[in-house]
Amino acid sequence: MQLALSINFVSLPNVYFSRMFAQSALTLASCKVTIALYLYVKRFQFLFYQSNFNVQPENKAVFERASMISYQDSIFVLETDHTSYLFRVTPFGHLEHIHYGERIPRGEMEPLLLKRNIGHGSAVVYSQKDNTYCLDNLKLEWSGIGSGDYRQTPLEVKLSDGTFRTDFVYASHEIVSGCVAMQSLPNAYDAANDAETLVLTLKDQAGKLALLLYYTVFPAVDVIARRVVLVNEGEGHISVRRIMSMQLDLENEGFSLVTFDGAWSKETHRHDRKLQYGQYVNSSVTGASSNRHNPGFLLYADGATQSHGKVYGFNLVYSGNHIGIAERSPFDLIRVQLGINPGCFEWDLAPGERFETPEAVMTFSPDGFNGMSAHFHDFVNEHIVRGDWKGKERPVLINNWEACFFRFTRSKLLRLARQARQLGVELFVLDDGWFGKRNDDHAGLGDYNVNRKKLPRGMKSFADEIHALGLQFGLWFEPEMVNPDSDLFRAHPEYAVTTPGREPLFGRNQLVLDLCNPAVRDYIVTNVSQILDEAKIDYVKWDMNRHISDACSPTLNNQGEFYHRYQLGLYDVLGRIFRPRPHILLESCSSGGNRFDLGMLCFSPQVWSSDDTDAMERLKIQEGLSYLYPLSAMGAHVSAAPNQQTLRNTTISTRFNVASFGCLGYELDLKHLTMLERKEVREQIAYYRAHRKTLQYGRFFRHDTDKGNKVYWQSVSKDQSQSIAGAFQTLAQAAEGNDILPLAGLDEEKRYRMQTKSQRVLIRRFGGLVNHLLPINLNPNGALFRWVDRLYAMQDCIETYTASGKTLHQGVHLNQQFVATGYNNQIRMLGDFGSNLYAIDEISQEEAAGF
Ligand code: GLA
């Protein structure tokens, strides 16, 4: 384009725009041949379930004094590379928390101890021997009921004598290398074998209870995992009504609580509130970890930003009802708890039986939210995701859902696959509607046999055809659900979850299958496995599209166990189906991000983040997720515009720019793309594939900005040789000042070349302004302009800079964006929903010097 000179829209006619249109005409002519052609052609080695499935070797070697965990003079010291966690056994046997935060030298506990020199008025003292010893004022690793601590108890047990009092005191401990396998649930694992676990046994002598507290230290990722096991050592049954996975008491540092909340299509929006006195609860009772409140939450000290300040992160390796609590006590202590939601929970524990909670994980960073997220990202990639897809780059996929919904034929799908292949897509995913009588969402769930009307030659033949195109093949299932209009329901109505004597409630015209029932689990395993073995399937999308209601299973004596047993059943089914098929990439989904949690990530390396594919909405959703989960776990697709969830129109560039910070996919009918859009998509996929490792596995930064209409993201490769930065403008503002692109994470000594990713600007972006440039007046929404836009576009502004990491860290002053007074090709065209990507690549000294 010859538009280097500036153009003043106000004092026109202007020769440059005329020249531009003349050139457009030439380009159009030369494109004719192309256009004519165009028209003519038109081991998941499931390491989880370590003990049940015997995959993770349990190393029980006992250390006398381990390097990360030590015990001396009644003090436990747990250390990761950058954090210390200290607590001690008090003279009465309780575990008193001392410090969790920056790593400090050992043996310097005194200044950090909470001082007790005189009793508080009206306090209930634990023992007459020491009137300063009041549990209510102590920071405790665990607490009971009825011993003077009036904050939220982590454990409520109705003992066999009908009483509730419990008081757990230290009995013994051991330090073991690695992680300790769980019997019923997936938990973090340690392939590198550099973790250590402290197992503390506490006893409540009177109640005849033992409580095992597990602390697993993952040094390199600065994460500590915690869970408990309760053992009934008495002769009678006890009833467990509440049992948390962890408790942490901290002194208040002006903490605010961050939760990630939402609903269908608006998942994981960040919400902050300063902790005042009382309890803040982050919970789900929907039967899944839910889109309402993700189980992960954060605490940050006053003044923390993305890059500075103290931030604590918490999450739970669990996919069911959860609860997280932050309680500010009258003495300004903050109690944090996390575990199974006690709502409708009641677990019968017979003599000798044990109950294990899911694993909670926590991290601390003095380097703001980005520092905290980096720990969690590395932790998930290293210690949660397992099997063949651990650390592996995720394929670029095309999903047919938003392109076809339920209406497709074999040839329509093959055409979509062929087009996708030409654009560089690697995996074709056949979504809902391929089985049973699934022509809409009223029928078919439960019957995973191929619908021969849609795929007359069967699944194997179709999968072979997709593979023959050079694509991998993936399939959608929703195995936890059943439609009453299905062969499964007609044969086994008792498989559906219902409450006797009550009309069952429907969600999306479907009922939930009773995963507490072993026969149901067997059915699902057989039915799904059959199709997975019949055809060559490389990927599965496992969906779950409604909340649970009517919670009740005829297989249970105690319905208080339903929700937890459902989760155990789900993990059992997932393990049995996918453990023998480790090559399959599993993407879990629950109406989008209704079950985005660490439990599912133990099985599925990636999760569909949201049914909302609108780029502007995705900025909030993906950013929210990024606090807790790595980009390698987030499914992110480019879909059609206007967007099907918001009706918002965004450019294909912005849709890609946002989706590229995740596992990229396309979910639209490619035949509706213009020639220019197809060209751009081909370039996008090539660009993504070239930078995929950095985007999926790099260190991710959310950058602070004072501007409410900007979002800045950045991923930096682990070796700091490459980075991709994204600058997004949500809404344009008139006559805005300059934009500075914040950058971080580069090697300050290295030199880099930074360059804008090329993208196109359509003439219609200028609307009626073009008439200031033309000798004749044309309708800016008319057919001529629409036609031009299909075939011709201008190159958006490209900026190139060469500088050291140190200089780039000061922030790059970007070219001015469009401010209404004119246009040239050095002006960034953003407007509403505009965005750019920038690649920052290390260059050698010679290159930097221009050789
Ligand atoms: C859910 C999923 C979508 C799609 C549909 C199919 O809504 O989140 O991605 O798979 O189900 O019915």
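Remember, it's a predicted structure, so these values are computed and weren't measured experimentally.

**Side note on the environment of Val528**
Okay, step 1: Tracing the chain through its elements places Val528 in helix H7 (residues 518-534).
Okay, step 2: When its relative accessible area of 1% is taken as the criterion, Val528 is described as buried.
Okay, step 3: Expressed as a C-alpha distance, the spacing of Val528 and Phe477, which sit 51 residues apart in the sequence, is 8.1 Å.
Okay, step 4: Ignoring anything within four residues of it in the chain, the contact list for Val528 reads Phe477, Pro479 and Ile577.

**Things to note about helix H2 (residues 368-384)**
Okay, step 1: Taking 1.5 Å of rise per residue, the 17 residues of H2 would be expected to cover 24 Å, and the 23 Å separating its terminal C-alpha atoms lies within 8% of that figure.
Okay, step 2: Counting buried positions along H2 yields 15 of 17 residues, so the element is predominantly enclosed.

**Some thoughts on the pattern of salt bridges**
Okay, step 1: Scanning all chains against the criterion turns up 54 salt bridges.
Okay, step 2: Here Arg270 makes a salt bridge to Asp272, at a shortest N to O gap of 2.7 Å.
Okay, step 3: On the basis of relative accessible area, Arg270 is assigned to the partly exposed category, the value being 28%.
Okay, step 4: Given the relative accessible area of 35%, Asp272 is considered partly exposed.

**Quick word on the environment of Leu114**
Okay, step 1: By secondary structure assignment, the location of Leu114 is in the loop between strand E4 (95-102) and strand E5 (155-158).
Okay, step 2: Using a relative accessible area of 19% as the deciding quantity, one classes Leu114 as buried.
Okay, step 3: Spatially, the C-alpha atoms of Leu114 and Lys139 are 8.1 Å apart, while their sequence positions differ by 25 residues.
Okay, step 4: Apart from residues no more than four positions distant in its own chain, Leu114 is found in contact with Glu96, Asn137, Lys139, Glu251 and Leu333.

**What about the sheet that holds strand E3 (residues 83-89)?**
Okay, step 1: One open sheet accounts for four strands, arranged E1-E2-E3-E4; its pairing is antiparallel. Two strands close off the open sheet at either side, each with one partner strand: strand E1 (69-72) and E4. Taking the axes of each pair of neighbouring strands and ignoring which way they run, one obtains an average angle of 15 degrees across the sheet.

**What about the nonpolar core?**
Okay, step 1: Formed by 187 residues in total, the largest nonpolar core has its most connected members in Leu230, Leu299, Phe428, Leu430, Trp434 and Met459.
Okay, step 2: Ranked by the residues each element gives to this core, the list is headed by helix H8 (residues 562-578), at ten residues.
Okay, step 3: With residues near it in sequence (within four places) discarded, Met459 still touches Leu430, Trp434, Val450, Phe473, Leu475, Ile531, Glu534 and Ala535.
Okay, step 4: By size, the runner-up hydrophobic cluster in this structure holds 17 residues, among which are Val716, Leu741, Tyr752 and Leu808.

**Looking at helix H12 (residues 675-697)**
Okay, step 1: When the terminal C-alpha atoms of H12 are compared, their 32 Å separation across 23 residues agrees well with the 33 Å that a helix rising 1.5 Å per residue should span.
Okay, step 2: Of all the bends in H12, the greatest measures close to 70 degrees and is centred on His691.

**Examining the confidence of the model for the chain**
Okay, step 1: Taken over all residues, the pLDDT of the chain has a mean of 92, while the share at 70 or more is 92%.
Okay, step 2: Mean pLDDT values for the elements of the chain range from 40 in helix H1 (residues 15-41) up to 99 in strand E15 (residues 311-317).
Okay, step 3: Predicted confidence for residues 1-66 stays below pLDDT 50, and this span has 156 contacts to residues more than four positions away or in other chains.

**Quick word on the site of the ligand**
Okay, step 1: The local shell around the ligand holds 13 residues, among which Asp431, Asp432, Arg508, Lys541 and Asp611 are the closest.
Okay, step 2: With respect to the ligand, the side chain of Lys541 contributes an N or O atom lying 2.7 Å from an oxygen atom.
Okay, step 3: Take Gly592: an N or O atom from its main chain is 3.1 Å from an oxygen atom of the ligand.
Okay, step 4: Taking 310 Å² as the accessible area of the ligand by itself, protein coverage stands at 96%.
Okay, step 5: Looking at side-chain class alone, the shell around the ligand contains four nonpolar, three polar and six charged residues.

**Looking at the packing of aromatic side chains**
Okay, step 1: Going through the model one piece at a time under the given rule, you end up with 46 aromatic pairs.
Okay, step 2: Here the aromatic rings of Trp434 and Phe435 are separated by 5.0 Å at their centres, their planes lie at 80 degrees, and the arrangement is edge-to-face. Here Trp434 and Phe435 have matching classes, each one buried.
Okay, step 3: By the ring-pair criterion, three or more aromatic residues cluster together here, those being Tyr71, Phe76, Tyr85, Phe87, Tyr100, Tyr170, Tyr215, Phe255, Tyr312 and Phe364.
Okay, step 4: Geometry around Phe369 places Arg270 over its ring, the cationic atom sitting 4.5 Å from the centre.

**Re the pairing of strand E14 (residues 293-300)**
Walk down a regular strand and you will see the side chains alternate between the two sheet faces.
Okay, step 1: With respect to burial, E14 is a largely interior element, seven of its eight residues being buried.
Okay, step 2: The sheet contact formed by strand E11 (residues 256-261) and E14 spans five bridges and is antiparallel. Pairing of Thr259 across the sheet is with Phe297, part of E14.
Okay, step 3: Judged from the four bridges that link them, E14 and E15 form a sheet pairing that is antiparallel. Its bridge partner being in E15, Tyr300 is matched across the sheet by Val311.

Each value, and the rule that gives it
Residues numbered from 1 in each chain as written. Predicted model: local features only at pLDDT ≥ 70, side-chain atom pairs only at ≥ 80, totals over all residues. Heavy atoms only, no water. Helix = DSSP H or I, 4+ residues; strand = E, 2+ residues; numbered from the N terminus. Buried < 20%, exposed > 50% of the residue type's maximum accessible area, 1.4 Å probe, protein only. Contact = heavy atoms within 4.5 Å. Expected span 1.5 Å × (residues − 1). Salt bridge = Lys/Arg side-chain N within 4 Å of Asp/Glu carboxyl O. Pairing = 2+ DSSP bridges. Axes fitted to C-alpha atoms, helices over the stretch in contact; angles between N-to-C directions. Core = buried A, V, L, I, M, F, W, Y, C linked by side-chain atoms within 4.5 Å. Bend = angle between axes of the 7 residues up to and from the residue. pLDDT = per-residue confidence, 0-100. Near = heavy atom within 4 Å. Polar contact = N/O pair within 3.5 Å; in protein donor to acceptor, adjacent residues only side chain to side chain. Areas by Shrake-Rupley, 256 points an atom, 1.4 Å probe, with all protein chains shown as cover. Nonpolar A, V, L, I, M, F, W, Y, C, P; charged D, E, K, R; others polar. Phe/Tyr/Trp six-rings, centres within 6.5 Å; stacked < 30°, edge-to-face > 60°. Lys NZ or Arg CZ within 6 Å of the ring centre and 35° of its normal.

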